[in-house]
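Coordinate inspection notes
Next come the chains, spelled out residue by residue.
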Amino acid sequence: MIFRQLFEQDSSTYTYLLACEQSGECVLIDPVIDTVERDLAVLQALGLKLTYTLETHMHADHLTGARKFRAYTGSKIVVPAMDKLACADLGVEENQVFRVGQIELHPLFTPGHTGHHHAYLLDNGMQKILFSGDALLIEACGRTDFQSGDPVSLYQSITEKFFTLPNETLVYPAHDYEGRQITTIGQEKNRNPRVGNNTSQEAFVAIMNGLNLPYPRKIDFAVPGNELCGECPDNVPEQYRGACEIVQLPPELRRAVKAGDQG
């Protein structure tokens, strides 16, 4: 398997590239519209052609790059099936394996940050790897005060779905705001100040309800845009509109297009 962790600075979002070396199929988990051209350059450098984009949830802090990638490469847009997005090509559900060549991703329904949030578990035969989305971050977790968020549901998702995994399970979150890249289930069980050290559900709910976080600065255009798989709505501010354009790719990126054409 080929693996890359890619970072978008403005929203502190991690995008994950997973590629099957045998088939050449690859997926980008949580792609960001602002870094589509950069990610195409990564694919080109690795000799890969994009097959899928895969979302953990409906993001409120950035626009997805899914639609733009599909326009450039023919990749298929994959989202949690319960989102029922007409713009998506495929839906994933818990207990149904999502395959990318020889790679098997196991969707885990993990609501709480949003009502339809999914994480993805990979077992490479040596170690389990969890792509936790916004549900579990590094010594933190996603907020629960919008988009059908619910602290009780998030507590149950973390403690019953994540914390039952082996302690050595690697955890790759969708965000980090302090320059960190990876954690483990064991570390979060021991060090997470919100939900670690056997924090009770009642204490967790009190913590989450008392965060008093600021209003997400992109939510008013990110959520409606992501409901359209990354189509920019009219209210996208001018400073963010440049990424909305689908332009002629430079010649050095053209080898990264036409997903599935392995010839």
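Residues numbered from 1 in each chain as written. Predicted model: local features only at pLDDT ≥ 70, side-chain atom pairs only at ≥ 80, totals over all residues. Heavy atoms only, no water.

Observations regarding the state of the cysteines
- The final tally for this structure, using the stated rule, is two disulfides.
- Each sulfur of the disulfide joining Cys 87 and Cys 229 lies 2.0 Å from the other. Since a negative S-S torsion denotes a left-handed disulfide, the Cys 87-Cys 229 link at about 80° is right-handed. Placement of the pair is Cys 87 in the loop between strand 5 (76–80) and strand 6 (90–92) and Cys 229 in the segment after helix 6 (219–226), with a sequence separation of 142 residues.
- Once the disulfide-bonded cysteines of the protein are ranked by sequence position, their pairing pattern turns out to be 1-2, 3-4. (Disulfide = S-S within 2.5 Å. Helix = DSSP H or I, 4+ residues; strand = E, 2+ residues; numbered from the N terminus.)

A short note on the nonpolar core
- If you look at the biggest cluster of nonpolar residues, it comprises 20 residues, and the most contacted ones within it are Leu 18, Leu 54, Phe 98, Leu 105 and Phe 131.
- Counting residues per element, the ones that place at least two in this core are strand 2 (13–19), strand 3 (26–29), strand 4 (52–54), strand 7 (98–100), strand 8 (103–109), strand 9 (118–123), strand 10 (128–133) and strand 13 (170–173).
- Sequence-distant contacts of Phe 98, that is, excluding residues within four places in its chain, are made with Tyr 52, Leu 54, Val 78, Leu 90, Val 92, Ile 103, Glu 104, Leu 105 and Pro 107. (Core = buried A, V, L, I, M, F, W, Y, C linked by side-chain atoms within 4.5 Å. Buried < 20%, exposed > 50% of the residue type's maximum accessible area, 1.4 Å probe, protein only. Contact = heavy atoms within 4.5 Å.)

Some thoughts on the pattern of salt bridges
- Tallied over the entire structure, the rule returns 13 salt bridges.
- In this structure, Lys 68 engages Glu 37 in a salt bridge whose closest nitrogen and oxygen atoms are separated by 3.2 Å. Of the two residues, Lys 68 is situated in helix 2 (residues 66–73) and Glu 37 in helix 1 (residues 36–46); the sequence distance between them amounts to 31 residues.
- The exposure class of Glu 37 is partly exposed, given its relative accessible area of 25%. (Salt bridge = Lys/Arg side-chain N within 4 Å of Asp/Glu carboxyl O.)

So, the UniProt feature "domain: Metallo-beta-lactamase" (unreviewed entry) in the protein
- Mapped onto the present numbering, the UniProt feature "domain: Metallo-beta-lactamase" (unreviewed entry) falls on residues 12–175.
- For the annotated span residues 12–175, helix accounts for 19% and strand for 32% of the residues, and the straight-line distance between the end C-alpha atoms is 6 Å. (UniProt positions renumbered as here; feature names shortened; annotations may be inferred.)

Quick look at the sheet that holds strand 9
- Reading across from one edge, 7-8-9-10-13-14 is the order of the six strands in this open sheet, with mixed pairing throughout. Both outer strands of the open sheet, strand 7 and strand 14 (183–184), are each paired with one neighbouring strand and no more.
- Note: strand 10 against strand 13, four bridges, orientation parallel. In the sheet register, Ile 129 faces strand 13, and the bridge partner there is Leu 170. (Pairing = 2+ DSSP bridges.)

Here we look at the sheet that holds strand 6
- Spatially, the six strands line up as an open sheet ordered 1-2-3-4-5-6, and their pairing is mixed. Each edge of the open sheet carries a strand with a single partner, namely strand 1 (2–8) and strand 6. Recorded for the sheet is a direction-independent mean angle of 25° between the axes of neighbouring strands.
- Pairing of strand 4 with strand 5 involves three bridges; the strand directions are parallel. Paired with Leu 54 across the strands is Val 78, a residue of strand 5.
- Here helix 1 sits on the sheet in contact with strand 1, strand 2 and strand 3, set at roughly 160° to strand 1.
- Each of strand 3, strand 4 and strand 5 is contacted by helix 2, which is oriented at about 155° to strand 5, the strand it contacts most. (Axes fitted to C-alpha atoms, helices over the stretch in contact; angles between N-to-C directions.)

Let's talk about unusual backbone geometry
- Its identity as a non-glycine residue notwithstanding, Asn 198 has a phi of 60°, on the positive side.
- Here Asn 198 shows up in the loop between helix 4 (185–191) and helix 5 (201–209).
- Looking at Asn 198, the relative accessible area reads 79%, which means it is exposed.
- Located in the positive-phi region is Asn 212, a residue other than glycine, with phi close to 50°.

Observations concerning the pairing of strand 9
- Judged by how many residues are buried, strand 9 sits mostly within the fold: five of six residues are covered.
- Summarising the sheet, strand 8 and strand 9 pair through five bridges and their orientation is antiparallel. Of the residues in strand 9, the one forming a bridge with Pro 107 is Tyr 120.
- Summarising the sheet, strand 9 and strand 10 pair through four bridges and their orientation is antiparallel. Note that in strand 10 the partner of Asp 123 across the bridge is Lys 128.
- Linking strand 9 to strand 10, which pair antiparallel, is a turn of four residues; within it Gly 125 sits at a positive phi near 95°.

Points about the side chain of Thr 114
- Secondary-structure assignment places Thr 114 in the loop between strand 8 and strand 9.
- There is a polar contact of 3.3 Å between the side chain of Thr 114 and the backbone nitrogen of His 117.
- Those residues in contact with Thr 114 that lie beyond four places of it in its chain are His 57, Met 58, Gln 147 and Ser 148. (Polar contact = N/O pair within 3.5 Å; in protein donor to acceptor, adjacent residues only side chain to side chain.)

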